[in-house]
Amino acid sequence: MTWDDLKAAADAVEDRHMLTLFEDETRADAFSVDALGMRFDYSKTNIDVAARTMLVEIAREARVEAKRDEMFSGAAINNTEGRAVLHTALRNLDGGPVTVDGVDVMPGVLAGLDQMQSFAEAVRSGSFTGQGGKITDVVNIGIGGSDLGPAMGTLALAPYHDGPRCHFVSNVDGAHIADTLHGLDPATTLVIVASKTFTTIETMTNARTAKAWMSETVSDPATQFAAVSTSLEKTGEFGIASDRVFGFEDWVGGRYSMWGPIGLALMIAVGGEAFRAFLRGAQAMDVHFKSASLEENMPVLLALVGIWHNQGCGYATRAVLPYDQRLSRLPAYLQQLEMESNGKRVAMDGSTLDVDSGPVVWGEPGTNGQHAFYQLIHQGTRVIPCEFMVAAEGHEPDLAHHHTLLIANCLAQSEALLRGRSLDEARKMMTDKGFTGDELERQARHRVFPGNRPSTTLVYRQLTPEVLGQIVALYEHRVFVEGVILGINSFDQWGVELGKELATSLGPVVTGEASAEGKDSSTRALVDYVLKHRG
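Residues numbered from 1 in each chain as written. Predicted model: local features only at pLDDT ≥ 70, side-chain atom pairs only at ≥ 80, totals over all residues. Heavy atoms only, no water.

**Details of the pairing of strand β8 (residues 225-228)**
Here β8 shows no split at all, with F225 and A227 on one side and A226 and V228 on the other all buried. Examined bridge by bridge, strand β7 (residues 189-194) and β8 share four bridges and lie parallel to one another. When the sheet's bridge partners are listed, I192 is paired in β8 with A226. Regarding the hand of the β-α-β motif, the stretch spanning β7, helix α8 (residues 201-215) and β8 is right-handed. Pairing analysis gives two bridges linking β8 to strand β9 (residues 245-246), with the strands arranged parallel. The residue of β9 that forms the bridge with V228 is F246. Once you follow β8 into helix α9 (residues 232-238) and on to β9, the crossover reads as right-handed. (Buried < 20%, exposed > 50% of the residue type's maximum accessible area, 1.4 Å probe, protein only. Helix = DSSP H or I, 4+ residues; strand = E, 2+ residues; numbered from the N terminus. Pairing = 2+ DSSP bridges. Right-handed = clockwise from strand over helix to strand, strands pointing away.)

**Some words on the packing of aromatic side chains**
One pass over the full model with this rule turns up 15 aromatic pairs. Between the aromatic rings of F198 and F238, the centroid separation amounts to 5.8 Å while the plane-to-plane angle is 85°, which identifies the pairing as edge-to-face. Of this pair, F198 sits in the loop between β7 and α8 while F238 sits in helix α9, placing them 40 residues apart in sequence. The class of F198 is buried, set by a relative accessible area of 5%. Ring centres of W362 and F373 lie 4.8 Å apart, and the angle between their planes is 70°; this geometry places the pair in the edge-to-face category. Of this pair, W362 sits in strand β11 (residues 360-362) while F373 is found in the loop between β11 and α14 (374-379), placing the two residues 11 residues apart along the sequence. The exposure class of W362 is partly exposed, given its relative accessible area of 22%. (Phe/Tyr/Trp six-rings, centres within 6.5 Å; stacked < 30°, edge-to-face > 60°.)

**Points about the nonpolar core**
Taken as a class, soluble globular proteins show a tendency for nonpolar side chains to be buried jointly. Counting 116 residues, the largest nonpolar core has L190, W251 and I485 as its most contacted members. Looking at this core, the element that brings in the most residues is helix α18 (residues 465-486), giving 13 residues. The contacts of L190, once residues within four sequence positions are left out, are F119, V123, F128, I135, D137, V138, V139, Q224, F225, A226 and I268. Counting 21 residues, the second largest nonpolar core, distinct from the first, contains V139, V191, M204 and I240. (Core = buried A, V, L, I, M, F, W, Y, C linked by side-chain atoms within 4.5 Å. Contact = heavy atoms within 4.5 Å.)

**Focus on the environment of Q283**
Within the secondary structure, Q283 is located in helix α11 (residues 272-291). Accessibility expressed as a relative area gives 10% for Q283, which makes it buried. On a C-alpha basis, the gap between Q283 and T26 in space is 31 Å, while along the polypeptide they are 257 residues apart. Beyond its immediate stretch of four places on either side in the chain, Q283 contacts R91, N92, L93, D94 and G95. Separated by 2.9 Å, the side chains of Q283 and D94 make a polar contact. (Polar contact = N/O pair within 3.5 Å; in protein donor to acceptor, adjacent residues only side chain to side chain.)

**Looking at the pairing of strand β2 (residues 38-41)**
Examined bridge by bridge, strand β1 (residues 32-35) and β2 share four bridges and lie antiparallel to one another. Looking across to β2, one finds that A35 is bridged to M38. Between β1 and β2, which pair antiparallel and follow one another directly, the connecting turn spans two residues, one of which, L36, has a positive phi of 60°.

**Describing empty space enclosed by the protein**
Tallied over the full model, the rule gives three cavities of 30 Å³ or more. What the largest cavity holds in volume is close to 80 Å³. Where the lining of the largest cavity is concerned, the elements lending two or more residues are α12 (298-312), β10 (317-323), β12 (386-391) and β13 (455-460). In terms of residues, the lining of the largest cavity owes the most to one element, α12, which gives four residues. Grouping the amino acids of the lining of the largest cavity by side-chain chemistry returns five nonpolar, six polar and three charged. (1 Å grid on protein atoms, 1.4 Å probe; cavity = no way out; pocket = protein on both sides within 12 Å on 5 of 7 lines; lining within 4 Å. Points joined across faces, edges and corners; volume = space filled by probe spheres on them. Nonpolar A, V, L, I, M, F, W, Y, C, P; charged D, E, K, R; others polar.)

**Some remarks on the environment of S242**
Note on placement: S242 falls in the loop between α9 and β9. Residue classification places S242 among the exposed residues on the basis of a relative accessible area of 52%. For the pair S242 and L232, spaced 10 residues apart in sequence, the C-alpha to C-alpha distance is 6.8 Å.

**Here we look at the environment of Y160**
Along the chain, Y160 falls in the loop between α6 (148-156) and β6 (165-169). The exposure class of Y160 is partly exposed, given its relative accessible area of 25%. A sequence separation of 304 residues divides Y160 from T464, and the C-alpha atoms of the two residues are 8.5 Å apart. Non-local contacts of Y160, meaning those with residues more than four positions away in its chain, are made with A269, V270, H395, Q462, L463, T464 and P465.

**Brief notes about the sheet that holds β7**
Read from one edge of the open sheet, five strands run β6-β5-β7-β8-β9, paired in parallel fashion. Each of the sheet's edge strands pairs with one partner strand only, and the pair in question is β6 and β9. Where helix α7 (residues 174-181) meets the sheet, it contacts β5 (137-141) and β6, and its direction lies at approximately 165° from that of β6. Contacting β5, β6, β7 and β8, α8 runs over the sheet at an angle of about 160° to β7. (Axes fitted to C-alpha atoms, helices over the stretch in contact; angles between N-to-C directions.)

**Looking at the pattern of salt bridges**
Tallying each qualifying case throughout the model produces 28 salt bridges. R165 serves as the salt-bridge partner of D137, at 2.8 Å between the closest nitrogen and oxygen. Note that D137 is positioned in strand β5 and R165 in strand β6, a separation of 28 residues in sequence. Assessed through its relative accessible area of 2%, D137 is described here as buried. Here E387 makes a salt bridge to R318, at a shortest N to O gap of 3.6 Å. Pair noted here: E387 is in strand β12 and R318 is in strand β10, with a separation of 69 residues, a long-range link. Relative accessible area serves as the criterion here: at 4%, E387 is assigned to the buried category. R318 sits in the buried class, given a relative accessible area of 4%. Beyond isolated ion pairs, a larger network of salt bridges with shared partners links R318, E338, E387, R478 and E482. (Salt bridge = Lys/Arg side-chain N within 4 Å of Asp/Glu carboxyl O.)

In structure tokens:
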């Protein structure tokens, strides 16, 4: 099966209205998969039985099942860095041994989890007092995977918060840390610095600023710092005692790391029991991913829908639209997960890809997006596949009428994208409003919705820690499957390196300590402008 075959199949049904597929009363069930108390409905796409058969065959030809087994077994599938990919081991609470280079890593993983929980419970209970008697606030300083995961998860699990308030700082823009620290008491604040090497320039700049802030009030500021890092040397130089340093192995990539020590802030917020439920939800999705047939495998089908829309139909973006306010950071989290993983241009062997790689991923929670960008989704000239998600039940029983309206909006949007509104229907609307002649026609055309625009919907009972774990693991495995089919390495991120290197060299130039000679004329002119306008 070739990419040309897939494109030809997509082109052949491009003009078919998806509504005609629903003449088959069984379509909704036939093109949905139920697992772990969730339903993934992909019936509102132009994928039919023939297309699904082709997509599954593409997955088989790419050896998705064999590659999946290699990942879970600890093989070094990150072949540009010579590393295993075992974030799944961090949530393998009772799944047996996992070996890397002949060594079972699970004893270390479980011991690390216990160490995390011991510290988290000490902070939550007040036995870790800091220098103010009790920790009331936690500031997590990180960037990328060291920030987006715990920040997203902490917001998502707000109903389960019974620990200190948690704040997150990522941007090197001084406004971020200044605004976050403003109003906090240094004596009752714990700062977690999350950097694997303890050299990430944005993170360490913010960490030093936080330490200086704490030094103004606290006699020994380093005692109120913890670190998530593999460098005991660097954390020791910073003054952080080794019993407050939580490390993780190089087979855990940053954007896949919230299951372990990077999730320390989340564990402090919700407690060890809820955090372990989060891990168990992800583990359950791992088991489903490993055991279900390709045709009934939720991550595989989510990936195949993505392949159909991006590489088959040529739709360059996908919108992630959670109808769950507490998942407001999920689109940003998935943006990094998918675009950093599959935003590649060469295959595993270094050859140039002969097909587009990952799509642009973006989104916002409903219903806010409906009053912002849904206009373009419904009536714009580009087709944007939408991925809706919604809970059957909220956490506020006294506000159940809000949740009913939320669900109605979610389902209405996917139905509107499917059905659209024809010109004849629009003409009737305008006739009923009293328009006639040319003005009726003009007004009617503005109210036409093309419809026939694809969407998927993920429904879950309630956003619990376990369900959040299932959702995040679902999307992780989706990224993996798409990467395998594309033939790329989803687990390196060389694309972030060049800009970081150039920023380091430009630092002295922006301060005026070094010349901009050798830079392009645009960069030189911008530096000159900045230097002239700095206070």
